[in-house]
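# Architecture at a glance
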Amino acid sequence: LPNTVTVLGASSFYNCGNLETVRLQDNLTTIGEGAFENCYLLSNINIPTTVTNINSEAFYNCDKIKNIQLHEGLLIIGYCAFSGCKGLTSITIPSTVQSIEGSAFTGTNLSEVVIKDGVKTIGNSAFASCEMLTSIEIPDSVTTLGTAVFKNCSNLISIQLPNIATALNFEM
């Protein structure tokens, strides 16, 4: 994509079933809702350091994505942004993220999740059905933990919760 693109609109590449590689440029700030939804073969994508918003279902059902590097400066990970990305096995959430919205990583094969101190909200079902996840540490900066965040994480054996949480609606 040319470096003049700052916003990748909703459903830009929706259902592009043969798309394998995308190179996003550094001026991009927003990846729109469903931008790469159902791009089943997409395996290589870079998320520029300039991206502040990954909107709802941006990478929904992108089965082949294995590595996503999220950078400091990212503010929002939208609803179902990476849901169904079965190839995704590890993720580090930058400290600048204010909200991991509901079902953001539901149904992935995450076995390693690092949430940096600074994240404030983890939405409902954010990591539900991540069956490979065995442990997670929620930083003290998290003040809101939604319902069913780790529902159906059948191998989860260790959770370290924040010292102070203003709204805990925890369900497994």
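Structure shown above.
Quick look at the structure, then.

Scoring rules and cut-offs
Residues numbered from 1 in each chain as written. Predicted model: local features only at pLDDT ≥ 70, side-chain atom pairs only at ≥ 80, totals over all residues. Heavy atoms only, no water. Buried < 20%, exposed > 50% of the residue type's maximum accessible area, 1.4 Å probe, protein only. Helix = DSSP H or I, 4+ residues; strand = E, 2+ residues; numbered from the N terminus. Pairing = 2+ DSSP bridges. Core = buried A, V, L, I, M, F, W, Y, C linked by side-chain atoms within 4.5 Å. Contact = heavy atoms within 4.5 Å. Polar contact = N/O pair within 3.5 Å; in protein donor to acceptor, adjacent residues only side chain to side chain.

Our next topic: the pairing of strand β9 (residues 112–115). On β9, burial follows the alternation: V113 and I115 on one face are buried, whereas E112 and V114 on the facing-out side are not. With four bridges connecting them, strand β7 (residues 90–93) and β9 associate as parallel partners. Considered in β9, the bridge of S90 is made with E112.

Within the largest apolar cluster, 49 residues are counted, with the highest numbers of intra-cluster contacts made by I31, F36, F59 and F127. For this core, the secondary structure elements donating two or more residues are β7 and β9. Ignoring any residue separated from it by four or fewer positions in sequence, one finds F36 in contact with L8, F13, L19, V22, L24, I31, L42, I45, A58, F59, Y60 and C62.

On to the side chain of T108, then. Looking at where T108 falls in the secondary structure, it is placed in the loop between β8 (99–100) and β9. For T108, the side chain forms a polar contact with the main-chain oxygen of F105, separated by 3.0 Å. Among all residues touching T108, those that are not within four sequence positions of it are F82, G84, C85, L88, S129, C130 and E131.

Tracing the backbone through its elements, the reader meets I47 in the loop between β4 (44–45) and β5 (53–54). The spacing of I47 and I115 is 68 residues in sequence and 18 Å in space, taken between C-alpha atoms. Among residues more than four places away in sequence, those in contact with I47 are I31, I54, F59, I68, Q69, L70 and H71.

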